[in-house]
Amino acid sequence: MAQGLEVALTDLQSSRNNVRHHTEEITVDHLLVRRGQAFNLTLYFRNRGFQPGLDNIIFVVETGPLPDLALGTRAVFSLARHHSPSPWIAWLETNGATSTEVSLCAPPTAAVGRYLLKIHIDSFQGSVTAYQLGEFILLFNPWCPEDAVYLDSEPQRQEYVMNDYGFIYQGSKNWIRPCPWNYGQFEEKIIDICLKLLDKSLHFQTDPATDCALRGSPIYVSRVVSAMINSNDDNGVLNGNWSENYTDGTNPAEWTGSVAILKQWYAAGCQPVRYGQCWVFAAVMCTVMRCLGIPTRVITNFDSGHDTDGNLIIDEYYDNTGRILGNKKKDTIWNFHVWNECWMARKDLPPGYGGWQVLDATPQEMSNGVYCCGPASVRAIKNGEVDLNYDTPFVFSMVNADCMSWLVQGGKEQKLHQDTSSVGNFISTKSIQSDERDDITENYKYEEGSLQERQVFLKALQKLKAERFHSSRRGADLQPSRPTPLSQDSPRSVHTPSLRPSDVVQVSLKFKLLDPPNMGQDICFVLLALNMSSQFKDLKVNLSAQSLLHDGSPLSPFWQDIAFITLSPKEAKTYPCKISYSQYSQYLSTDKLIRISALGEEKSSPEKILVNKIITLSYPSITINVLGAAVVNQSLSIQVIFSNPLSEQVEDCVLTVEGSGLFKKQQKILLGVLKPQHRASIILETVPFKSGQRQIQANMRSNKFKDIKGYRNVYVDFAL
């Protein structure tokens with residue numbers, strides 16, 4: 001008489017499956033698979049082989065603390081030939097005397113997360129035995145055409161899912177600087193940290209069963225992650241800080257990778273890490289999303305609008321010296337702002353609005369009561385479809401708001417000019433499988449000055465006005481996801497901006513730098529004044545300089561001058577200016593941004609002429625040399641060359657070096673004091689543990705500067 005079938009051992013074939021599912025970079029010791037793609041396992045039996053006609057093997061998979069068949073977080077499916085109602089499927093691959101290999105496949109809509117795998121064996125005698133086979137992690141699958149995150153280009157999948165390093169663009173539109181970053185999405189423990197992050201969200205804490213069920217949607221997961229990267233509503237990963245006071249944490253400019261941040265958050269019991277700003281939020285979100293399997297890239301928008309009242313106008317205020325003032329509306333133009341794009345289908349929107357979606361983890365405004373932003377369709381932004389979910393009006397304003405300049409004098413505001421093209425420039429991301437910058441501005445808007453661009457702007461404005469009208473009709477209890485557009489306390493904002501050409505300008509002013517603006521050196525520039533009229537012009541020009549934070553917040557002026565310029569008809573003159581290092585050094589922010597402004601007026605005219613220029617001071621970069629061939633599991637020497645660019649001694653110098661697959665953890669070297677203009681080098685020893693293209697990132701900080709950076713790409717070969 002045949003005995004009941006008993007399982008002696010299970011081989012989840014982790015190494016083989018993980019290679020097929022593109023997860024071997026994370027681990028080969030534990031099973032990590034992607035939905036919509038089969039994976040194999042082998043069952044070894046104790047007493048006899050599997051007999052298909054006599055034995056029925058039933059698989060059970062469960063995820064979350066409250067697995068439920070109806071919610072899809074529990075599935076029961078059979079190896080038997082008859083049709084199973086479950087979207088999970090299993091089939092027989094090979095059947096031996098005492099072992100059976102089977103294939104299992106999760107549906108391409110299954111919730112991602114950690115699963116428990118069990119089987120029940122129903123033998124012909126009616127005996128039922130149950131076994132727990134083990135755990136596995138299920139991820140999104142950009143290789144599966146039926147998955148909502150499917151990306152049909154292998155080079156793009158390699159860049160936006162598999163690449164664990166990249167560049168984040170900073171500086172200004174006139175000086176774009178690539179900042180190297182270690183995403184490290186496949187480093188040890190990062191997948192566990194990403195899943196813990198989902199479990200720490202407000203949604204999971206409130207309703208864990210529903211939250212886990214919704215994790216099959218990249219739209220839902222991306223909004224949860226966007227909220228969890230900042231800590232404004234929860235114990236998210238990062239505290240934001242734009243105060244210039246970072247004594248109780250890390251200056252955001254010092255970070256060179258996401259791994260140290262995520263591990264610090266996890267090790268501290270999921271308490272927020274101090275501190276982050278926009279590029280740090282975006283970089284950490286990129287790490288989490290790529291780890292979960294959602295194609296993601298980091299985007300920088302230069303001259304990025306922050307429109308707080310939804311009227312698509314950024315108001316800037318100046319005093320009579322040309323100094324930019326803070327304003328009660330908190331409208332600002334960030335010198336640069338960084339967010340993410342994630343690739344996904346959008347079946348919740350009309351056809352054609354899938355693809356790249358904007359997600360912004362920087363806590364700027366609330367969305368449905370939580371500090372998160374997106375996903376907002378990039379195509380919807382370009383077409384002015386600001387009524388489509390999620391947070392599209394806010395993102396539209398970041399790339400295409402108009403800028404209105406006002407002179408504040410004697411308690412009154414005088415309009416200086418309206419600029420329709422100053423917001424949203426050189427929108428940048430790293431190129432595919434290249435270290436070059438890719439300008440994707442045309443993805444977000446039509447060419448500035450074109451008829452299409454103005455038509456889209458007016459279309460968006462009309463939609464916001466309609467939303468304001470309908471919101472007021474619905475009543476105050478129905479609040480929009482962003483602050484009400486076209487707020488009533490801003491009467492000028494309800495009027496459509498005029499498209500009439502401005503009056504003929506008779507005098508123009510322009511700044512021109514004479515030398516590259518290097519940190520530690522004097523800044524030399526001229527003010528160019530041109531009289532385009534046939535009359536004499538007597539000008540009084542107030543000049544000023546003040547430091548800016550990258551979010552556009554002004555600091556106190558540290559330099560002022562007054563120029564009196566007489567211009568003959570059609571004459572051009574230059575007025576030389578110099579700001580010495582001693583004048584700006586103690587006032588400079590970490591962002592190294594200086595805004596020079598000139599406010600000119602004619603003696604015989606009430607008209608004012610405003611011109612400004614943002615200067616980004618540059619440092620010499622760190623040089624990294626790889627001494628010899630890089631081979632897995634063999635010692636490698638790395639030379640790091642650095643210098644003090646200043647003509648004064650700097651103290652508390654610290655060098656940090658990291659690189660996924662090259663260093664097990666971030667290296668921190670205390671350098672102490674560096675003499676003026678001193679150049680030095682150190683040799684680091686490491687043993688690469690992953691093959692392929694890798695990158696070393698380095699940063700040096702001191703009491704005078706925080707972010708002298710450098711990088712070096714390294715190809716690591718397999719050991720012979």
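Residues numbered from 1 in each chain as written. Predicted model: local features only at pLDDT ≥ 70, side-chain atom pairs only at ≥ 80, totals over all residues. Heavy atoms only, no water.

You'll find the protein chain entered in an unreviewed UniProt entry as Protein-glutamine gamma-glutamyltransferase 5, with Rhinopithecus bieti given as the organism. For the record of the protein chain, the UniProt heading Function (unreviewed entry) holds the text "Catalyzes the cross-linking of proteins and the conjugation of polyamines to proteins. Contributes to the formation of the cornified cell envelope of keratinocytes." Reading the Subcellular location (unreviewed entry) entry of the UniProt record for the protein chain gives the comment "Cytoplasm". (UniProt positions renumbered as here; feature names shortened; annotations may be inferred.)

Asks: I'm lost on the overall build of the protein chain in this one. Help?
Replies: Helix and strand content of the protein chain: 13 helices and 38 strands. Relative to the compact-globule value of 27 Å for 720 residues, the protein chain shows a C-alpha radius of gyration of 30 Å, a close match. When burial is assessed residue by residue, the protein chain has 56% of its 720 residues classed as buried. Of all intrachain contacts in the protein chain linking residues separated by at least 6 positions in sequence, the fraction that spans at least 24 positions is 68%. Within the structure as shown, the protein chain displays about 29800 Å² of accessible surface, and the carbon and sulfur contribution to it stands at 50%. One way to put it: in the protein chain the 69 positive side-chain charges average out to a point 3 Å from where the 75 negative ones average out. (Helix = DSSP H or I, 4+ residues; strand = E, 2+ residues; numbered from the N terminus. Rg over C-alpha atoms; globule rule 2.2 N^0.38 Å. Buried < 20%, exposed > 50% of the residue type's maximum accessible area, 1.4 Å probe, protein only. Contact = heavy atoms within 4.5 Å. Areas by Shrake-Rupley, 256 points an atom, 1.4 Å probe, with all protein chains shown as cover. Lys, Arg positive; Asp, Glu negative; His and termini not counted. Charge placed at Lys NZ, Arg CZ, Asp CG, Glu CD.)

Asks: Explain the pairing of strand β31 (residues 623-627) here, please?
Replies: The side chains of a regular strand alternate between the sheet's two faces. Judged by which residues are buried, β31 turns out to be one-sided: I624 and V626 face inward and are buried, whereas T623, N625 and L627, on the alternate face, are not. Of the strand pairs in this sheet, β31 and strand β33 (residues 636-643) are connected by five bridges, and their pairing is antiparallel. Along β33, the bridge assignment pairs N625 with Q639. (Pairing = 2+ DSSP bridges.)

Asks: So what exactly am I meant to see when it comes to the domain arrangement of the protein chain here?
Replies: For the protein chain, the domain assignment lists domain 1 (7-139), domain 2 (154-470), domain 3 (507-616) and domain 4 (623-716). Of note, the centres of domain 3 and domain 4, computed from C-alpha atoms alone, are 38 Å apart. Taken together, the contact pairs five residues of domain 3 with five residues of domain 4. Together domain 3 and domain 4 conceal approximately 400 Å² of surface at their shared face, both sides included; 47% is due to carbon and sulfur atoms. In terms of surface lost to domain 4, no three residues of domain 3 exceed M519, Y581 and T590, which account for 71% of the buried area on that side. (Domains from an automatic or database assignment. Buried area = accessible area lost by both parts, 1.4 Å probe.)

Asks: What is the right way to look at the pattern of salt bridges in this model?
Replies: It is possible for side chains bearing opposite charge to pair when their charged atoms get close. For the coordinates displayed, the defined rule picks out 36 salt bridges. The salt bridge partner of R215 is D211, with a shortest N-O separation of 2.7 Å. On the basis of relative accessible area, R215 is assigned to the buried category, the value being 5%. The class for D211 is buried, based on a relative accessible area of 2%. Here E385 makes a salt bridge to K463, at a shortest N to O gap of 3.4 Å. Taken together, the residues E385 in the loop between α9 (378-382) and α10 (392-400) and K463 in helix α12 (residues 451-474) connect sequence positions 78 residues apart. Look at the salt bridges and you will find they share partners, linking E25, D164, E187, K690 and R694 into a network. (Salt bridge = Lys/Arg side-chain N within 4 Å of Asp/Glu carboxyl O.)

Asks: Looking at this structure, how should I read the UniProt feature "binding site: Ca(2+)" (unreviewed entry) in the protein chain?
Replies: With numbering matched to this structure, UniProt assigns "binding site: Ca(2+)" (unreviewed entry) to N400, D402, E448 and E453. In sequence the annotated residues extend across 54 residues, while in space they remain close, none of their C-alpha pairs exceeding 11.7 Å. Structurally, N400 can be placed in helix α10. Accessibility expressed as a relative area gives 2% for N400, which makes it buried. Sequence-distant contacts of N400, that is, excluding residues within four places in its chain, are made with V423, K445, E448, E453 and F457. When you line up the elements, D402 lands in strand β20 (residues 402-409). When its relative accessible area of 0% is taken as the criterion, D402 is described as buried. At 3.2 Å, the side chain of D402 forms a polar contact with the side chain of Q418. (Polar contact = N/O pair within 3.5 Å; in protein donor to acceptor, adjacent residues only side chain to side chain.)

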